[in-house]
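Listed below, chain by chain, are the residues.
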Amino acid sequence: MRYLLRRLAFFVLTLWAAMTVNFALPRLMPGDPASAMMARFHGRVNPEAIHALEVAFGVDTHQSLWAQYGSYLGNTATGNFGISLTYFPLPVSTEIAQALPWTLGLIGVATVMAFLAGTFIGTVSGWRRGGVVDSVVPPVFVVTSALPYFWVGMVLILLFSVMTNGLLPNDGAYDITMTPSLTPAFIGNVVQHAILPAATILITSIGGWILTMRNNMVTVLAEDYVRMGRAKGLSNRRIMYQYAARNALLPNLTGFAMSLGFVVSGAILVEYVFNYPGLGYMLLNAVNNLDYPLMQALFLMITVAVLVAVLLCDFVTALLDPRTRGA
Amino acid sequence: MSASILSGTPDDSVGTRQAPRRGAGLLRAVRGNRKAMVGAVLLLIFIVLSIAPQLFTSVSDPNAHEFGLVLPPSSAHPLGTTAFGQDILAQLIWGTRQSLVIALAVGGLATVLSVLVGVSAAYLGGPVDGVLSGLTDLFLVIPTFPLIVVIAAYAGKGSLLVMIAVLVVTGWSYGARQLRAQALSLRNREFLESARVRGERRSYIIVNEMLPTMVSLILANFLGSALYAVLTAAGLQFIGLGDNNAVSWGAMLHWAQSNSALQAGQPLWVIAPGLCVALLGASFALLNYAFDEISNPALRPVRRPRARRTGS
């Protein structure tokens, strides 16, 4: 229980740090970008929005920095991120609510699939030390884990979309001619659009899980309890899954939580390459349009998504590893 | 199974007895590991390209629009030209320098930072450790790329220095965590205890007693951060947050994408620079993995008995 409380405290602390960074960045940057932004938007958006922005970025207000900080934390905690400039006058939160499901669906599913498949391949590779699988797996996946995400996406587009005359779609989350609904045709269309970006994430992120799992397996297989299992005459399958893989999985799970930030970073670029309407694509668009409120809210949302995933990993670890519960 | 335990070659025992000069063992280890060899050769090629690009191409200003537009590969332009009339091969060769500078600078600085934080957290312990390792975890979990994007958006399109600084700040945490764990496991070893009893200063113990035993992990960290820097910098340049007028692989990809090179039938414009990023990344990753094997013998490939016994 203490372990979970500690992780929960870490979650809150990290969230607070991300929010503070978000607050401090526009105020710390040299050249006062916030004022420059105001100057750009004067006359283009209505005074009400300008005022909201001024409050959000601390320009021309007579409030002290601490008062600004307080109201910022309050607003953010209640999901009030202000008004988007690109999609004026829609509030930022509405925009984000539209993009979030796509990101969770694509990146979430692809990442979990990569983790599960990678862990399985790593288990087999580590079990059959020096076998056919093991002689091929490490070099190949060391190289794939060094590939740039976005470039793999572009190569897949070239192979499966451009060179095959549009075998698989490479643009957006569904055909814009279709109206979103829960019909089989639409769902099929969504799945079809997700194949290439999901494959990109799978190809580039699976290597890391395979290699760490393999190395964990190799280490665990040298333990005494594995030898004990063999001496008792247990079946290989039992030793492999129940004795070795089960223990080798734990560090991999922690590694999974810790590397999620990296994976999501790459996935943002994948969304960009495929024009996939998720948070990452929206973030890069917001940067191009200098839509600072949207940009900041998106950074925060992506951080929250990663943190929640990390917290889930912590719960699973606590469930699987009795040692963490005692500590 | 038992063969692997006995696979220590006679060569090894001679080496430890004579205590050869530092680095000799490392060099031999690299030569004996195929992954390390491939990685080292790749890295060497890129280093040569970045030091003397003019030796490999006659084009002196690869960004000048001096050739025909969208020429197919020919003997004059082995990889063709871009939609702006630039020689793709020349851009690749000249672009090596920036990627390599970013990789080495970020790798070096981030490693220094992670050694400082990781080792002092482990050695000092107590509340200092609590703060430092909390900070490490925090930097590790916050998704760096969105953060970098936001910073870059505020700081304006980056000079090289801004990019290096941001990558260092976001790239040190993974190494610090590993180094802390390693240093913690060393803390109560006898040789450190004896140094303390001798009355050595803390700084002496850390620098002269602890760090030498962690060289391989520090090296692995350098390679890991360099890989991170190469990939992240390419990503930033690709979305246009780097210096778009510089000669770099990421900037090439940016221009290729904004001119729809794939759809316009110029796949080489996309494939070539991406492949260079991937190869440079792969060289760091292969070296990194190989050092893992070298420093942790349990992970080394198992040699089948009789297969290569005579070789070593």
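Only a predicted model underlies this, so the values are computations on that prediction, with no experimental measurement involved.

(A) Structural detail: the interface of chain B and chain A. Of the residues lining the interface, 51 residues belong to chain B; the matching set on chain A comes to 54 residues. Carbon and sulfur atoms supply 78% of the area buried between chain B and chain A, which totals about 4,700 Å² over both sides. When the buried area of chain B at its contact with chain A is split by residue, Val-141, Tyr-154 and Tyr-289 of chain B rank highest and sum to 17% of it. Here chain B and chain A share 0 salt bridges between them. Applying the counting criterion to the chain B and chain A interface returns 4 residue pairs in polar contact (both at pLDDT 80 or more). Only helix H6 (126-141), helix H7 (144-155), helix H9 (173-186), helix H12 (215-238), helix H13 (249-258) and helix H14 (267-295) of chain B provide two or more residues apiece to the side of chain B that touches chain A. Of all the elements, H14 of chain B adds the most residues to the side of chain B that touches chain A, at 13 residues. Residues that form the side of chain B that touches chain A fall into these classes: 38 nonpolar, 7 polar and 6 charged.

(B) Quick peek at helix H8 (residues 160-171) of chain B. All names here are of chain B. Here H8 contains 12 residues, and its C-alpha end-to-end distance of 16 Å stays within 8% of the 16 Å for a straight helix at 1.5 Å per residue. For H8, the full list of buried residues reads Met-163, Ile-164, Val-166, Leu-167, Val-168, Thr-170 and Gly-171. Residues of H8 that are buried in the fold lie against helix H5 (88-124), H7, H9 and H12.

(C) How the structure looks around the packing of helix H1 (residues 2-28) of chain A against helix H12 (residues 292-320) of chain A. All names here are of chain A. Contact geometry for H1 and H12: axes closest at 10 Å, N-to-C directions at 170°. Relative to H12, H1 is oriented roughly antiparallel. In the contact of H1 with H12, the residues fall into 17 nonpolar, 5 polar and 2 charged.

(D) The packing of helix H5 (residues 92-127) of chain A against helix H8 (residues 184-221) of chain A, seen in detail. Residue and element names in this part refer to chain A. At a closest axis distance of 5 Å, the pairing of H5 and H8 adopts a crossing angle of 35°. The interaxial crossing formed by H5 with H8 has right-handed handedness. Tallied by class, the residues present in the contact of H5 with H8 amount to 23 nonpolar, 8 polar and 1 charged.

The rules behind these values
- Residues numbered from 1 in each chain as written.
- Chains lettered and ligands numbered in written order.
- Predicted model: local features only at pLDDT ≥ 70, side-chain atom pairs only at ≥ 80, totals over all residues.
- Heavy atoms only, no water.
- Contact = heavy atoms within 4.5 Å.
- Buried area = accessible area lost by both parts, 1.4 Å probe.
- Salt bridge = Lys/Arg side-chain N within 4 Å of Asp/Glu carboxyl O.
- Polar contact = N/O pair within 3.5 Å; in protein donor to acceptor, adjacent residues only side chain to side chain.
- Helix = DSSP H or I, 4+ residues; strand = E, 2+ residues; numbered from the N terminus.
- Nonpolar A, V, L, I, M, F, W, Y, C, P; charged D, E, K, R; others polar.
- Expected span 1.5 Å × (residues − 1).
- Buried < 20%, exposed > 50% of the residue type's maximum accessible area, 1.4 Å probe, protein only.
- Axes fitted to C-alpha atoms, helices over the stretch in contact; angles between N-to-C directions.
- Parallel < 35°, antiparallel > 145°, perpendicular 65-115°, else oblique.
- Left-handed = near helix turned anticlockwise from the far one by under 90°.

Treat this as a map of the structure, not an account of what it does.
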